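What follows is each chain in one-letter form.
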Amino acid sequence: MIALRWLMSLVFVIQMYLAMAVIALVFFPWALVSRRGARFACRLYARWVCFSARLLCGLRAEVRGEVPQGEVLIAAKHQSFFDILVLFAALPRAKFIMKRELVYAPFLGQYALRIGCIPVDRGKRGAAIAKMKADVARGAAEPGQLVIYPQGTRVPPGVRAPYKVGIGLIQEQLGQPCVPVATNVGLFWPKRGILRRPGTAVVEFLPAIAPGLAVPEFMARIGREIETRSDDLMAEAGFAPPEQLS
């Protein structure tokens with residue numbers, strides 16, 4: 001059974017990247033002249049990956065909570081590439097704050113820029129935050145839901161990582177509601193590796209946090225709400241963090 005899962009996971013991963021290339025090339029002329037074309041291609045790809053993951057690996061994506069429709073900041077738990085795709089498929093006009101290195105990734109980088117994603121440089125904390133705020137300000141004219149991963153990287157299940165203050169400063173700058181997002185995706189689609197496990201990968205939109213909180217209070221609240229609910233979702237799927245194992 002394990003050997004079969006590995007084989008089907010390998011087939012899934014190969015076809016996933018082939019599909020990325022095919023969709024990117026087919027829709028490139030439309031995407032080049034229209035953000036709508038770029039967004040259509042990206043959403044088609046996200047939905048294809050969700051469909052093929054269920055078909056080949058028995059991995060079903062489930063979205064819970066009220067999906068934001070207007071101008072909001074999304075603060076999302078990030079465990080694997082799959083949560084990006086599930087979020088993009090669910091949100092009407094998602095745009096992401098992303099590592100600048102991804103701009104140079106084939107297909108992915110070019111389409112990310114076309115849909116309004118904001119690349120930021122990694123560096124000293126003060127310089128990185130200032131650059132991120134400036135980039136967000138320049139991208140504010142493009143309507144949609146701005147998604148940021150406040151821990152700054154993919155964090156495997158059971159691992160604790162700090163929440164970076166950039167999310168608080170951006171929320172203060174934009175003055176928009178912030179919707180926290182919890183997930184258990186990493187239990188089924190790991191940060192690295194081929195194996196995809198069957199089950200239900202959940203991405204859950206939590207109640208929005210109104211603007212106006214002081215940055216320290218906002219930071220404490222999103223960290224508490226995202227981590228608590230993500231732990232609940234992982235426990236629902238049968239996962240116990242290492243510190244809870246007997």
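Residues numbered from 1 in each chain as written. Predicted model: local features only at pLDDT ≥ 70, side-chain atom pairs only at ≥ 80, totals over all residues. Heavy atoms only, no water.

Chemist: Honestly, the pairing of strand β5 (residues 145-148) in this entry has me stumped. Any pointers?
Modeler: Look at any regular strand and the pattern is simple: side chains alternate between the two faces of the sheet. Neither face of β5 is open: one carries Gln145 and Val147, the other Leu146 and Ile148, and all of them are buried. The pairing of strand β2 (residues 73-76) with β5 spans three bridges and is parallel. From the neighbouring strand, Ile74 faces β5, where its bridge partner is Val147. Across three bridges, strand β3 (residues 94-99) lies against β5 in parallel orientation. (Buried < 20%, exposed > 50% of the residue type's maximum accessible area, 1.4 Å probe, protein only. Helix = DSSP H or I, 4+ residues; strand = E, 2+ residues; numbered from the N terminus. Pairing = 2+ DSSP bridges.)

Chemist: Just to check I follow, could you spell out the sheet that holds β3 for this structure?
Modeler: Hydrogen bonds along the backbone pair up the strands of a sheet, which may run parallel or antiparallel. With mixed pairing, seven strands are arranged side by side in an open sheet as β1-β7-β6-β2-β5-β3-β4. Strand pairing shows two members of the sheet lacking a second neighbour, β1 (59-64) and β4 (118-120), which therefore form its edges. Strand-to-strand twist across the sheet, computed as the mean angle between neighbouring axes with direction ignored, equals 20°. Of the strands in this sheet, β2, β3, β5 and β6 (178-183) are in contact with helix α6 (residues 166-174), which crosses β2 at around 165°. Helix α7 (residues 215-236) contacts β1, β2, β6 and β7 (199-205) of the sheet and is inclined by roughly 30° relative to β6. (Axes fitted to C-alpha atoms, helices over the stretch in contact; angles between N-to-C directions. Contact = heavy atoms within 4.5 Å.)

Chemist: In this structure, what is going on with a nonpolar patch on the surface? I would like to understand it.
Modeler: Where nonpolar side chains cluster on the molecular surface, the patch consists of Phe28, Trp30, Leu32, Val33, Phe40 and Leu44 and spans about 590 Å² of accessible area. Breaking the nonpolar patch down by element, the ones donating at least two residues are α1 (2-33) and α2 (35-57). Looking at the nonpolar patch element by element, the count peaks at four residues for α1. In this structure, Leu32 sits in helix α1. (Patch = residues over 30% accessible without salt bridge, like charges linked within 9 Å, V, L, I, M, F, W, Y side chains within 5 Å. Areas by Shrake-Rupley, 256 points an atom, 1.4 Å probe, with all protein chains shown as cover. Salt bridge = Lys/Arg side-chain N within 4 Å of Asp/Glu carboxyl O.)

Chemist: So what exactly am I meant to see when it comes to the packing of α1 against α2 here?
Modeler: When two helices pack together, their arrangement is given by the angle between the helix axes and the distance between those axes. Contact geometry for α1 and α2: axes closest at 9 Å, N-to-C directions at 165°. Classified by the angle their axes make, α1 and α2 are roughly antiparallel. Judged by the twist between their axes, the crossing of α1 over α2 is right-handed. (Parallel < 35°, antiparallel > 145°, perpendicular 65-115°, else oblique. Left-handed = near helix turned anticlockwise from the far one by under 90°.)

Chemist: When you look at α6 in this model, what are you seeing that I'm missing?
Modeler: In an α-helix, one full turn covers 3.6 residues, which means residues spaced three or four apart are oriented alike. Among all positions in α6, only Gly166, Ile167, Gly168, Ile170 and Gln171 are buried. Looking one or two places after α6, you find Gly175, whose phi comes out positive at around 65°.

Chemist: Can you help me understand the side chain of Gln145 in this one?
Modeler: Tracing the backbone through its elements, the reader meets Gln145 in strand β5. A distance of 3.1 Å separates the side chain of Gln145 from the backbone oxygen of Gln69, its partner in a polar contact. Within the structure, Gln145 has its side chain in polar contact with the backbone nitrogen of Arg93 (distance 2.9 Å). Other than its neighbours up to four places away in sequence, Gln145 contacts Pro68, Gln69, Gly70, Val72, Ile74, Leu91, Pro92, Arg93, Ala94 and Lys95. (Polar contact = N/O pair within 3.5 Å; in protein donor to acceptor, adjacent residues only side chain to side chain.)

Chemist: Would you explain the packing of aromatic side chains in this entry?
Modeler: Aromatic rings in a pair are described by how distant their centres are and how their planes are angled relative to each other. Applying the stated criterion across every chain, the model contains nine aromatic pairs. A ring pair is formed by Phe27 and Phe40, whose centres lie 5.5 Å apart and whose planes are at 50°; its orientation type is tilted. A residue pair is termed long-range when its members are at least 10 positions apart, and Phe27 in helix α1 and Phe40 in helix α2 qualify at 13 residues. Of the residues examined, Phe40 reaches a relative accessible area of 43% and is grouped as partly exposed. When the centroid spacing of 4.8 Å and the interplanar angle of 10° are considered together, the rings of Phe82 and Trp189 count as stacked. Pair noted here: Phe82 is in helix α3 (residues 81-90) and Trp189 is in the loop between β6 and β7, with a separation of 107 residues, a long-range link. Accessibility assignment for this pair places Phe82 and Trp189 in one class, buried. Counting every residue linked through ring pairs, the aromatic cluster contains Phe12, Phe81, Phe82 and Trp189. Here the guanidinium or amino end of Arg43 rests over the ring plane of Phe88, the centre of that ring lying 5.4 Å away. The lysine or arginine in question, Arg196, covers the ring of Trp189, its NZ or CZ lying 4.2 Å from the ring centre. (Phe/Tyr/Trp six-rings, centres within 6.5 Å; stacked < 30°, edge-to-face > 60°. Lys NZ or Arg CZ within 6 Å of the ring centre and 35° of its normal.)

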